[in-house]
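What the coordinates show
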Amino acid sequence: MTELTAEQHRTKMQRRQEVQHQRVAERKLEKGLIIINTGDGKGKTTAALGMVLRSLGHGYKVAIVQFIKGAWEPAEKKVFEMWQDQLVFQALGEGFTWETQDRDRDIAKTKEAWEVGLGYIKNPEYKLVLLDEVNIALKLGYLDVQEVIAGLKEKPADSHVILTGRGAPPELIEVADLVTRMELVKHPFREQGVKAQAGIEF
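Computed from a predicted structure; not experimentally measured.

What to know about the layout of surface pockets
When its volume is computed, the second largest pocket comes out at roughly 350 Å³. Along the wall of the second largest pocket there are 14 residues; nearest its centre are Leu33, Ser55, Tyr60, Lys127 and His160. Only α2 (44-57) and β4 (126-132) provide two or more residues apiece to the lining of the second largest pocket. A total of three residues in the lining of the second largest pocket trace back to one element, the largest contributor, which is α2. For the lining of the second largest pocket, the class distribution of residues is five nonpolar, four polar and five charged.

Below, the structure written as structure tokens:
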């Protein structure tokens, strides 16, 4: 590739800046989004928690409802305690399915978590609702995808909902506004036998 002179680079960047400014100026619509973080790669919940932090930084009220993995206390919960007036954090699962080994109880807890989450989704006071690992509950058949889609339609026009977990169903992806699929390339647990570590996995 031919290297640009300083003047050519400056001209190229000026053109790029003009295009970017024009694109930003043309986009005036504001909308509450349905956001999905799915895929086999790590970082689905972590990315969602980044949006939670942004919302808290803007002074918005946020609700987090954890499905499936609610039996353990994540370090994030301790950090979020400083926003107690803005944030509700409810871990309503009882652990991963291979730990609980009770399908009926898992389904009952999942439905309970969905009802709690739906309450926050419909509440206009909450700007952002995170349904953590709900996609796994849908994949396992613990929740009906059409029921969840119907519930998402009840959210206020300016509020956002994030749904995380691998295996998001196609019907849910279809109604979402923003979908990110995390791709697993390498993972130390599989390739090197490295256990889950504080500050990285929890």
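Let's talk about unusual backbone geometry
With a phi close to 70°, glutamate 133 is a non-glycine residue in the positive phi region. Mapped onto the fold, glutamate 133 is located in the loop between β4 and α6 (134-139). Looking at glutamate 133, the relative accessible area reads 10%, which means it is buried.

Here we look at the packing of helix α5 (residues 103-122) against helix α7 (residues 145-152)
Two elements in contact, α5 and α7, have axes separated by 10 Å at closest approach and are oriented at 20°. Between α5 and α7, the interaxial angle falls into the category roughly parallel. The residues of α7 that touch α5, namely those facing Trp114, Glu115, Leu118 and Ile121, are Glu147, Val148, Gly151 and Leu152. Residue composition of the contact of α5 with α7, by class: five nonpolar, one polar and two charged.

Side note on the UniProt feature "domain: Cob(I)alamin adenosyltransferase N-terminal" (unreviewed entry) in the protein chain
With numbering aligned to this structure, UniProt lists the feature "domain: Cob(I)alamin adenosyltransferase N-terminal" (unreviewed entry) at residues 2-24. The span residues 2-24 carries 83% helix and 0% strand; its end-to-end C-alpha distance comes to 31 Å.

Overview of a positive patch on the surface
A contiguous patch of positive charge, built from Lys12, Arg15, Arg16 and Arg23, is present on the exposed surface. According to the relative accessible area criterion, arginine 23 is partly exposed, its value standing at 45%.

Quick notes on the pattern of salt bridges
Using the criterion set out here, one finds six salt bridges in the structure. Glutamate 7 serves as the salt-bridge partner of arginine 10, at 2.8 Å between the closest nitrogen and oxygen. Here arginine 10 pairs with glutamate 7, and both are found in helix α1 (residues 6-26), just three residues apart, close to one helical turn. With a closest N to O distance of 3.3 Å, glutamate 125 and lysine 61 form a salt bridge.

Quick look at the nonpolar core
Core analysis: the largest hydrophobic core is formed by 31 residues, its most contacted members being Phe67, Leu131, Leu163 and Leu172. Elements with a contribution of two residues or more to this core: β1 (34-38), β2 (61-66), α5, β4, α6, α7 and β5 (160-164). Once you skip the residues sitting within four places of it in the chain, leucine 163 turns out to touch Ile34, Ile35, Ile36, Asn37, Leu131, Val134, Asn135, Val148, Leu152 and Leu172. Core analysis: the second largest hydrophobic core is formed by 13 residues, Ile35, Ile64, Phe89 and Ile162 among them.

Rules used in this analysis
- Residues numbered from 1 in each chain as written.
- Predicted model: local features only at pLDDT ≥ 70, side-chain atom pairs only at ≥ 80, totals over all residues.
- Heavy atoms only, no water.
- 1 Å grid on protein atoms, 1.4 Å probe; cavity = no way out; pocket = protein on both sides within 12 Å on 5 of 7 lines; lining within 4 Å.
- Points joined across faces, edges and corners; volume = space filled by probe spheres on them.
- Helix = DSSP H or I, 4+ residues; strand = E, 2+ residues; numbered from the N terminus.
- Nonpolar A, V, L, I, M, F, W, Y, C, P; charged D, E, K, R; others polar.
- Buried < 20%, exposed > 50% of the residue type's maximum accessible area, 1.4 Å probe, protein only.
- Axes fitted to C-alpha atoms, helices over the stretch in contact; angles between N-to-C directions.
- Parallel < 35°, antiparallel > 145°, perpendicular 65-115°, else oblique.
- Contact = heavy atoms within 4.5 Å.
- UniProt positions renumbered as here; feature names shortened; annotations may be inferred.
- Patch = residues over 30% accessible without salt bridge, like charges linked within 9 Å, V, L, I, M, F, W, Y side chains within 5 Å.
- Areas by Shrake-Rupley, 256 points an atom, 1.4 Å probe, with all protein chains shown as cover.
- Salt bridge = Lys/Arg side-chain N within 4 Å of Asp/Glu carboxyl O.
- Lys, Arg positive; Asp, Glu negative; His and termini not counted.
- Charge placed at Lys NZ, Arg CZ, Asp CG, Glu CD.
- Core = buried A, V, L, I, M, F, W, Y, C linked by side-chain atoms within 4.5 Å.

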